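# Structure assessment
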Amino acid sequence: MFKGIKFLIIPLITITACTLNSDPVNLEESITSPQESSTTTLKESDKTVSNFELPYKHKFIELNDCNDYLGSDVSVSCITGLEIVNEINFEDSVTNIVKYGDKFIVVLKNGQIFEYSFENNTKNLVLSIEDKVLRAGDENGLLSFALNPYANEYIISYVSLDNKIVFEIFEYLDEITQVTSSSKIVEVQSNTYSHYGGKVIWSEYYKCFLGSIGDISEANFESRLNSSPLDSSKVTGKIIGLNCDTSLFSQKVNLTPNQEEVNQNIVISGLRNPWQFFEFRDNLIIFDTGFTQNEELNIAKLSETHNNFGWPVFEGPKRAKDLDNITNYDLDIFYWDEGEPYNVVEYIEKNAIKPVFYYNHLPCYSEKNENCDGQTDIYRAAIIGGGILENPKSEYNFDIFFADYLSQELFSLNFITRELKIYPIENYLYINSVNVFNAEKNQILTTTNTGRVLILQLP
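Residues numbered from 1 in each chain as written. Predicted model: local features only at pLDDT ≥ 70, side-chain atom pairs only at ≥ 80, totals over all residues. Heavy atoms only, no water.

## A few points about the packing of aromatic side chains
The relative placement of two aromatic rings is captured by the distance of their centres and the angle of their planes. Summed over the entire model, instances satisfying the criterion amount to 31 aromatic pairs. An angle of 10 degrees between the planes, with centres 5.2 Å apart, marks the rings of Y154 and F170 as stacked. In this pair, Y154 sits in strand β12 (residues 153-159) while F170 sits in strand β13 (residues 164-172), placing the two residues 16 residues apart along the sequence. Since its relative accessible area comes to 0%, Y154 is described here as buried. On the basis of relative accessible area, F170 is assigned to the buried category, the value being 5%. Each member of the aromatic cluster is reached from another via a ring pair, and the members are Y69, F278, F287, F357, Y359, F402 and F411. Directly above the aromatic system of W311 lies the positively charged group of R272, at a separation of 5.4 Å from the ring centroid. (Phe/Tyr/Trp six-rings, centres within 6.5 Å; stacked < 30°, edge-to-face > 60°. Helix = DSSP H or I, 4+ residues; strand = E, 2+ residues; numbered from the N terminus. Buried < 20%, exposed > 50% of the residue type's maximum accessible area, 1.4 Å probe, protein only. Lys NZ or Arg CZ within 6 Å of the ring centre and 35° of its normal.)

## Focus on helix α2 (residues 344-351)
The buried fraction of α2 amounts to six of the eight residues, a majority that puts the element mostly inside the structure. Taken residue by residue, α2 has V344, V345, E346, Y347, I348 and E349 as its buried positions. Packed against the buried residues of α2 are β18 (254-256), β23 (314-315), β24 (318-319), α1 (320-323), β25 (334-337) and β26 (340-343). Among the residues of α2, the N-terminal cap falls to N343, whose side-chain oxygen and the backbone nitrogen of V345 are separated by 3.0 Å. (Contact = heavy atoms within 4.5 Å. Polar contact = N/O pair within 3.5 Å; in protein donor to acceptor, adjacent residues only side chain to side chain.)

## Concerning the state of the cysteines
Under the defined criterion, the tally for this structure stands at two disulfides. A sulfur-sulfur distance of 2.1 Å marks the disulfide that ties C66 to C78. The S-S bond linking C66 to C78 shows a torsion near 85 degrees; that makes this disulfide right-handed. Linking C66 in the loop between β3 (57-61) and β4 (69-71) with C78 in strand β5 (residues 76-79), this pair joins segments that are 12 residues apart in sequence. The residues C66 and C78 share a single accessibility class, namely buried. Through a disulfide, C208 is tied to C244; the S-S separation comes to 2.0 Å. Disulfide C208-C244: torsion about the S-S bond near 90 degrees, hence right-handed. One end of the pair, C208, is in strand β16 (residues 208-213); the other, C244, is in the loop between β17 (238-241) and β18, and 36 residues separate them in sequence. (Disulfide = S-S within 2.5 Å.)

Following this line, the structure appears as structure tokens:
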């Protein structure tokens, strides 16, 4: 019923909620043997057992009322009956929406920020930087907003006219509209029009703001050779502290070309384009867009000493050199230990963190575990987060909600059990953000690139 929806939009049909499981098929794939490296290998004492699946195993499930599934080996359910119970339309793409007392802050890509009340259906302009934001592609513009709950300040992120990803802090008097000063605290130049990242949040764990920066690299083969998400002297491909006590951070591993100084504000490394992320207790839940095959949901324990998710050495659970049959795969940085350089690819293969969940762009059954090009009309494009529903009385308690940018689906993955639920939504494309609207009523809030803000009622 929901097959072949990549570009097809058909009328919404509400169906009684049900859960359908079919027998899973485990897929295995032989992998290329590691190539000998021209750089020094790791010392025996530094070698740890890789927590990536070798050989790689995926689960394929054929579903009747949802798109088929290919990805992590988890329990998968198809949940129909999701309803749109409220819709508000804005004049431009809604990149993020943040709860603000009994109202919401709505961030538009065109550079406007509104305070909006669902109860009264009223909106007030909070800030406009329309003359400062770049609109040269789908991914730039004004991106995000976060408020300090303990002081009169907030941070926004945007792409400037000179194509820099900017995090700017504003101070205000009693109301957020009463701005007294502002200053740019991070600026990173981009030479492309994609993969800016740009989410900003307030961290209760660190008591400061955190921001995400993508690898600002084009989606091409060369991106697999871009070492900047791993390079600890750079902030690209990372989540960083924006106004933090950097002594709280533990990301001090030196992965640089010539033993450069490590950037002290790095919280998470090895990300491709963390468009959205959020904090849950002492965890960061990060939604990282994939390249040719796999979208990642990553969970970083903030108390851990090294949170590196491995891009570009890994995409999901797969190694770049295996995906593209790259011989002698190497990068232009090293792992430095006591002044000695070691092979960084080998270090990442041994130490990168495996995503807790991933899904494939093109779900189909293949004994060889191929990428299924041309074998299915289903296409999942980019993972979009996300919030977690907390309600002990709800069957969705501790479910992490997220969506795919193109496939007209909402998903949830349980934080405890790792059970995946797929909720098909017809006539609903280009989702930019997902959050929980009302945990007591099991309602989800989503925004789109076409300016729609929708409240979804879970079955």
